[in-house]
Each structure stands twice: as structure tokens, then as C-alpha cells.
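Spelled out from the first residue to the last, the chains are:
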Amino acid sequence: MGSGGLELPPGDEGHEGSSAEVPPGTVSLARPMETHSIGPELDWDAEAWREVRTRAQRAGRAYIWLNLVEQRLRAVVAAVLRPIYEPVHGDDWVVAAAGPAGQEWVQRAVAVREVSRRKGYLLDPADDNVLSFLTLPQLRELMVQHWPCFEPYVDERRDVELALDELEVTRNVVSRNRALSEAVLNQAERASARLLEVLGAGGDVPSARRLPVDAVEDLVGDRYSDVVAVHSDRVRLMRRFPAEDIFGGARRLDAVGIGLNLLVQNFSGRRLVRLAEGGCRVRLLFLNPASSAVKRRERELNIKRGELSRAVEMNILHMRRVRARLRDPGAFEIQVYDETPRFTAYLVDGDGSDGIAVVQSYLSRTRGMEAPVLVLRNGSRVVKSGETDEAGLFGTYREEFEAAWVDSRPVS
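Attention here is on the structure that accompanies the text. (Residues numbered from 1 in each chain as written. Predicted model: local features only at pLDDT ≥ 70, side-chain atom pairs only at ≥ 80, totals over all residues. Heavy atoms only, no water.)

Observations concerning the overall build of the protein
Then step 1. Tallying secondary structure elements over the protein gives 15 helices and eight strands in all.
Then step 2. When each of the 412 residues of the protein is scored for burial, the buried share is 39%.
Then step 3. For the protein, the exposed area adds up to about 23900 Å²; of that, 51% sits on carbon and sulfur atoms. (Helix = DSSP H or I, 4+ residues; strand = E, 2+ residues; numbered from the N terminus. Buried < 20%, exposed > 50% of the residue type's maximum accessible area, 1.4 Å probe, protein only. Areas by Shrake-Rupley, 256 points an atom, 1.4 Å probe, with all protein chains shown as cover.)

A closer look at the packing of helix H1 (residues 46-89) against helix H7 (residues 182-198)
Then step 1. Between H1 and H7, whose axes approach to 10 Å, the crossing angle comes to 20 degrees. Here H1 is positioned roughly parallel relative to H7, judged by the angle of their axes. Here the hand of the crossing between H1 and H7 comes out left-handed. Of the residues in H7, those touching H1 at Arg58, Arg61, Ala62, Trp65, Leu68, Val69 and Arg72 are Glu182, Leu185, Glu189, Ser192, Ala193, Leu195 and Leu196.
Then step 2. A class-by-class count of the residues in the contact of H1 with H7 yields eight nonpolar, one polar and five charged. (Axes fitted to C-alpha atoms, helices over the stretch in contact; angles between N-to-C directions. Parallel < 35°, antiparallel > 145°, perpendicular 65-115°, else oblique. Left-handed = near helix turned anticlockwise from the far one by under 90°. Contact = heavy atoms within 4.5 Å. Nonpolar A, V, L, I, M, F, W, Y, C, P; charged D, E, K, R; others polar.)

Examining the side chain of Arg234
Then step 1. Among the secondary structure elements, Arg234 is positioned in helix H9 (residues 234-240).
Then step 2. Leave out the neighbours within four places in its chain, and Arg234 touches Asn261, Leu262, Gln360, Gly368, Met369, Ala371 and Val373.

Points about the packing of aromatic side chains
Then step 1. This model, assessed by the stated rule, comprises five aromatic pairs.
Then step 2. Note on Phe247 and Tyr346: the rings are 5.9 Å apart at their centroids and 65 degrees apart in plane angle, and the pair reads as edge-to-face. Here Phe247, found in helix H10 (residues 243-247), pairs with Tyr346, found in strand S5 (residues 343-348); they are 99 residues apart in sequence, far enough to count as distant. Judged on exposure class, the residue Phe247 and its partner Tyr346 are both buried.
Then step 3. One aromatic cluster is present, built from ring pairs that chain together Phe247, Phe267 and Tyr346.
Then step 4. In this structure, Arg283 is placed above the aromatic ring of Trp405, and the distance from its NZ or CZ to the ring centre is 5.3 Å. (Phe/Tyr/Trp six-rings, centres within 6.5 Å; stacked < 30°, edge-to-face > 60°. Lys NZ or Arg CZ within 6 Å of the ring centre and 35° of its normal.)

Quick look at the pattern of salt bridges
Then step 1. Taken as a whole, this structure holds 27 salt bridges when the rule is applied.
Then step 2. With its nearest N and O atoms 2.8 Å apart, the salt bridge here joins Glu244 to Arg271. With Glu244 in helix H10 and Arg271 in helix H12 (residues 269-277), this residue pair connects regions lying 27 residues apart in the sequence.
Then step 3. Of the charged contacts, one joins Glu402 and Arg283 as a salt bridge, the two residues approaching to 2.7 Å between their closest N and O atoms. Here the residue Glu402 occupies a position in helix H15 (residues 393-406), and Arg283 occupies one in strand S3 (residues 281-287), the gap between them amounting to 119 residues.
Then step 4. What makes Arg283 buried here is its relative accessible area of 6%. (Salt bridge = Lys/Arg side-chain N within 4 Å of Asp/Glu carboxyl O.)

A short note on the sheet that holds strand S4 (residues 332-337)
Then step 1. Here eight strands make up an open sheet; going across it, the order is S1-S7-S6-S5-S2-S3-S4-S8 and the pairing mixed. In the strand order of this sheet, the two ends are held by strand S1 (227-231) and strand S8 (409-410), each with one partner.
Then step 2. Here six bridges tie S3 to S4, and the two strands are oriented parallel to one another. Each residue of the ladder has a partner; that of Leu284, found in S4, is Ile334.
Then step 3. Strands in contact with H15 are S1, strand S2 (252-256), S3, S4, S5, strand S6 (356-361) and strand S7 (373-377); relative to S3, the strand with the most contacts, it is inclined by about 75 degrees. (Pairing = 2+ DSSP bridges.)

What about unusual backbone geometry?
Then step 1. For Asp349, which is not glycine, the phi torsion reads 55 degrees and is therefore positive.
Then step 2. Positioned with a positive phi, Arg365 is a non-glycine residue whose angle comes to about 65 degrees.
Then step 3. According to the relative accessible area criterion, Arg365 is exposed, its value standing at 68%.

Let's talk about the side chain of Gln335
Then step 1. On the secondary structure map, Gln335 appears in strand S4.
Then step 2. From its side chain, Gln335 meets the backbone oxygen of Trp405 in a polar contact 3.3 Å long.
Then step 3. If sequence neighbours within four positions are ignored, Gln335 has contacts with Leu284, Leu285, Phe286, Trp405, Ser408, Arg409, Pro410 and Val411. (Polar contact = N/O pair within 3.5 Å; in protein donor to acceptor, adjacent residues only side chain to side chain.)

A word on H12
Given 3.6 residues to a turn, an α-helix orients residues that are three or four positions apart in the same direction.
Then step 1. For H12, every residue scored as buried is listed here: Gly269, Arg271, Leu272, Val273, Leu275 and Ala276.
Then step 2. Buried residues along H12 sit in contact with H10, helix H11 (261-264), helix H14 (307-324) and S4.
Then step 3. Positive phi appears at Gly279, one or two residues downstream of H12, with a value of about 110 degrees.

With respect to H7
Then step 1. With 17 residues, H7 extends 24 Å between its outermost C-alpha atoms, agreeing within 8% with the 24 Å of an ideal straight helix rising 1.5 Å per residue.
Then step 2. Residues of H7 that are buried include every one of Leu185, Ala188, Glu189, Ala191, Ser192, Leu195 and Leu196, and no others.
Then step 3. In this fold, the buried residues of H7 make contact with H1 and helix H6 (157-175).
Then step 4. The first or second residue beyond H7 is Gly200, which carries a positive phi of 80 degrees. (Expected span 1.5 Å × (residues − 1).)

If you want it as C-alpha cells, here you go:
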């Protein structure tokens, strides 16, 4: 008997699909289908998870950039317009600045603020103002309406508007949790960095000219000491960080390794001559091609006897020819060491806070081209979170280079 006083028919085969045999006052129920044959597939396979993670990573990076831009733009708007409107209109200075043309969106921001107050969404008293509830397009509208006020501080209005136009696509995609392509993300990052520079909030890290500070590094750089990037091999390093970007414009270059192929084979002798003539001091430390350490390394890599030593010797001869072309050969030093090689390191401007380093450890049975690469930034870490300031890896490799240099012998 059902809950409504109706008798349910039995579920055996004799009553299924036969209305003539159903007693009066009963309700016929269809037999449920097998659960495995209906309904959506709820499981995600590995490919689906990879796609979701990629989307989340891109959206996260874009959100960080948009957040930085919005906070900076909000601070600029407040710094310029508050002294003009607040003395007359008090806390309603944003409403007054919006004027009749912005009444609709500014009143909407006021309403959202009141709802946030009632529901306890305002966790920081500093956010309890109308300006904190304006979106990026609304902040832009305030700038455009009052451009004569901003003109003394911003050189080009067109640069600001073009950058904000490029960010609008990304902002809409991120706010609606849609898929963000890598091309659009890259465009948003470039536009954000350009806009922050225009608004006077460019990177304050000295090495940013060679290795621009990334927005994610800005926020979580203290988690990774002074490691800026990790590449699985040297090929991937060169795609993202070409030799010209690493060595070009250096004022000091110290390198230690076996054959120093990253420098010798990827940075022309003509460029090295110009670099040295421009005042760059160069110290190159090769593994002695006649040492027993070279023979051991050849056995590790399972290559023909003498092959590695000849390659190192050729690199040294090439650097000697570069040195011979200089007016001051003393600024271009070449030395060799006999110890077991443990790593290769290229320290660019390592004596200053704007230095960078490219470091690889030597792995058994793995050539240097295939070994993982670390890119390090010298100086203080980007983020200071109140923790004790521990030394990074850059100083460690610099000390190792200096110790090896003292124990090495010059090449005539």
C-alpha cells in the first residue's frame, strides 16, 4: 500500500506492461532501468584533470596580474581625486567624482557595499569604502572623466587605455571562469606589466632589466629562495632565456665547468670581444683537457677516448683567440683546474645585486645539454614575509667558483 492509500502493483514479470491485469485503484510504476546504462559520466580521466589544472594555473596567473593592476589603479585614483572632492563631499567623494554620467554604476557599487556590510563580507576596515567596490572599467572611467587631473602624473593616456583594453578580455574570461588561452594570458601579462610601469609601480629589482620579475614570483618568490626558474634541460633554457639575454650587456662574467659550451658555442667570439672592450671583466675556468678527470668523465658518458678532451681543448683555443684580439688581455682571464667537475655555473654580474646565474649539476651518464638547469637571481629575495633572511644558492655557487679559481692554473 502506498503512502497515498493506493496499492502498488507487484514487480514480477506477470504484471509488467499489462494494464488489464492491474487491480482497480493501483498505480503502475515503470521498472527502473539499469543504473550503468543511464546518467552522466562523473569521473574525470587523467587528460581531463590535466586540462583543468592548466585552466586553473592560467586563470590564477591572470588573476594575480589583474589584482595587482586593480589595486594600483585604485591607489592612483584615490591619490589624485580624493584631495579634490573629499574636502567638499566627505565620504561621498567617489559618488561626487563619478558625476551624472556615472550615477548608475556608482550607485550599484554603493548598494553592493551595503550588502557586504550587512552580511559581514568586509573583513578589512580599510575596504569599507565605495572605491574598493569599483571594478577595473569603472576605475578607468574615473580616470578618463578627470584626465586633466591625471595628466601631470601619466605621460600617455593612449598607453593606459590600450593596456586596459587588452586586459578587458582577460578580465571577462577570468571573472566567468572560462578557458584562457596561453596567447591571451601572455598578452595580459605584458599589458599588466606595461600598465604598472606607466602608473609608477614598475619592478624594483635591479636584475629586472635582464630577467623581468614575474607576478607570481613577486608573491611567492620567498618559497623558492633565489631560484627564478627550473628547466629540464639546456634546450628548454635556451628557448626561454637565449644566450644574448644571459650574457649581453654584462659588466662581469665568471664561468666554471668542463667545456663551457653554453657560452662558447652560443655566444659569438665577436660579441665577446665587444663585451670585453666595453669594460666587462671575464674569468673562464675550464677543466684541464689533459687531466684524469676528463678521462673519467668520458667513461661515465660512454664516449670515445679523447673525444671530450679534444672538445674542451677546442673551446679553450677559441677563447684564447678572442683574448688575443683585445687591447687589454688581462681583463679576459682563462684558467684550468684538475679536480673532479661537480657543476657548471655562469655568474653574470655576480658582484652586485643585479646578478644572475645559470647552474647545472653534472649527472653520471647524462651530458650537460640534457641535465636540469637552475636560473638564480642574486641579491635579496623579492618577497619579505618577516622570516629570517637565509642566504640563497647564488652565494654558494659564487664561493665555489672563487675557491676553484684560487686553486686553478692560468692558460698562456
